[in-house]
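Take a look at the letters that make up each chain.
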Amino acid sequence: MSALKNLRPGALLALVAAALLAACSKQAPKTEDIRPVRAIQVASGDIANASEFSGEVRARVESRLGFRVGGKITERKVDVGTVVRRGQVLMQLDPQDLRLAASQANAALQAARTNRDLAQAELKRYNELRSQNFVSQAVLDAKRTAYEAAQASMNAAQAAFRGQSNQAGYASLVSDIDGVVTAVEAEAGQVVSPGTPVVRVAKAGEKEVLIAVPENRVGMLRKVDRVAVRLWSQPGQQIPGRIREISPVADPMTRTYAVRVAIPDAPPSVQLGMTASVQFFDRADSNQIRLPLTALFQDRDKTAVWVVEKGVVRLVPVQLAGANGNELVVTSGLQPGQTVVTAGVHQLSPGQKVKVLGVDVPAPVSSSASRTLLPGAGK
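Being a predicted model, the structure only gives us computed values, none of them experimental.

(A) Representation of the overall build of the protein chain within the structure. Along the backbone of the protein chain there are 4 helices and 24 strands. When burial is assessed residue by residue, the protein chain has 32% of its 379 residues classed as buried. Long-range pairs, those at least 24 residues apart, make up 77% of the contacts in the protein chain between residues at least 6 apart in sequence. Roughly 22700 Å² of accessible area belongs to the protein chain as shown, and the carbon and sulfur atoms make up 52% of that amount.

(B) Seen up close, helix α3 (residues 96–131). Taking 1.5 Å of rise per residue, the 36 residues of α3 would be expected to cover 52 Å, and the 53 Å separating its terminal C-alpha atoms lies within 8% of that figure. Tucked into the core, α3 has its buried residues touching α4 (137–169). After α3 finishes, the residue N133 shows a positive phi value of roughly 65°.

(C) Focus on the sheet that holds strand β7 (residues 172–174). Overall, antiparallel pairing links the 4 strands, which are arranged β7-β6-β4-β9 in an open sheet. Looking at the sheet topology across the chains shown, the edges are occupied by β7 and β9 (191–192). In terms of strand pairing, strand β4 (residues 71–76) meets strand β6 (residues 89–93) through 3 bridges, oriented antiparallel. Its bridge partner lying in β6, R76 is registered against M91.

(D) Structural context of the side chain of T342. Here T342 is to be found in strand β22 (residues 339–343). Leave out the neighbours within four places in its chain, and T342 touches R38, A39, I40, P292, T294 and A295.

(E) Representation of the sheet that holds strand β3 (residues 62–66) within the structure. An order of β3-β10-β8-β5 is seen for the 4 strands of this open sheet, with the pairing classed as antiparallel. Both outer strands of the open sheet, β3 and β5 (83–84), are each paired with one neighbouring strand and no more.

(F) Focus on the nonpolar core. The biggest cluster of nonpolar side chains holds 22 residues, and the ones touching the most others in it are V209, I211, V229, V261, V278 and F280. At the level of elements, β2 (44–59), β11 (207–214), β12 (224–231), β15 (256–263) and β16 (275–292) are the ones that each hand at least two residues to this core. One finds L93, L98, V192 and V198 within the second-largest nonpolar core, a separate group that totals 19 residues.

(G) Geometry of the pairing of β12. Pairing of β12 with strand β13 (residues 238–240), which is carried by 3 bridges, proceeds in the antiparallel orientation. Bridge pairing in β13 places V229 opposite I239.

About the cut-offs
Counting restarts for each chain: residues are numbered from 1 in the order of the written sequence. Thresholds applied to this predicted model are a pLDDT of at least 70 for local features of residues and 80 or more for the giving and counting of side-chain atom pairs; totals over whole chains, interfaces and linings are not thresholded and use all residues. Water and hydrogen atoms play no part in the side-chain values, which are based on all heavy atoms of the structure. Under the DSSP-based scheme used, a helix requires at least four consecutive residues in state H or I and a strand at least two consecutive residues in state E, with every element numbered from the N terminus. Exposure is judged per residue with a 1.4 Å probe applied to protein chains only, and the accessible area is read against the type maximum: over 50% gives exposed, under 20% gives buried, and values in between give partly exposed. Only heavy atoms matter for contacts: two residues are in contact if any of them lie within 4.5 Å across the pair. All accessible-area figures derive from a Shrake-Rupley calculation using a 1.4 Å probe, and residue coverage is judged against the displayed protein chains alone. Helix span, expected: 1.5 Å multiplied by one less than the number of residues in the helix. DSSP-based pairing: two strands are paired if at least 2 bridges between them are found. Only buried residues count toward a nonpolar core. Its members are Ala, Val, Leu, Ile, Met, Phe, Trp, Tyr and Cys residues joined through side-chain atoms within 4.5 Å.

Next up, the structure:
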């Protein structure tokens, strides 16, 4: 009271007015917390799983050609991308040494033929002498043996000459198929040994796509129903394919398995080296429920979703079978027709009232794809 006596009259009047206003004001009512969410109405159906991998278009047959003899390359007649015909010269070796060796073999053949002719004349003469009983049978047998040895020597020299003549012809590397040059691995002036690959030629005709499949997806290829190939340059066009080969051994660097997908009906627009996507469609699983990834809520060590019932959310644990593209496949915990929250799941609590902004109905899509890029092939 002593403090009130010390106040000025104006201040005392303001204090009384504030007290009266506070007594007349009412407490604001509490507003109910209703959170807006988006939801989806789940439905079951057949899901045809599809996996997609990217790879490179290659020829069905690709040959790495090399000289059958060693020597120095004097001329390269093709470049990468050159279209070649069967019998066309690709590279040329220096033929000088081969020609000299062929001349030497020819000279040896002529000497062997001369010795054979001499032995033949001797045998003829001794046959006449034997008929007149001027020489013994032993002498005639010796002459016959000498003639046969000379004949064998001439045959050997003739075979050596033919082989050396063939090697002289090997100085020109020719293509044994119609195709296109995909790589040149040697240049003019380089000395190569026999069999060293110098040119790579892809055979014209059937093409295929080489992809790399992870080891956890190789088993999926055994139940593939359909294979479709799409070019990166023409994404709207699908080309039927078939699995031609699955490598039995994983790549030591990438730990993936090489899979070759043949495209026998490839149109002319499919060129070597193009990037292609291969889709594998396996058998459909019936009565499966798909949910977007945003619908999942991690409740401690369990996976759950928020189900809307009469404007209130309820946390329901679910079991997942795995991913199907950008969606998850639910095997248990949900029933068709239930409404599941797909946006705002981390802002909810059990029993909370919500306002559904929109209910999405799943589109009747029977498949989705997951993409895996081959190292170095993606664009």
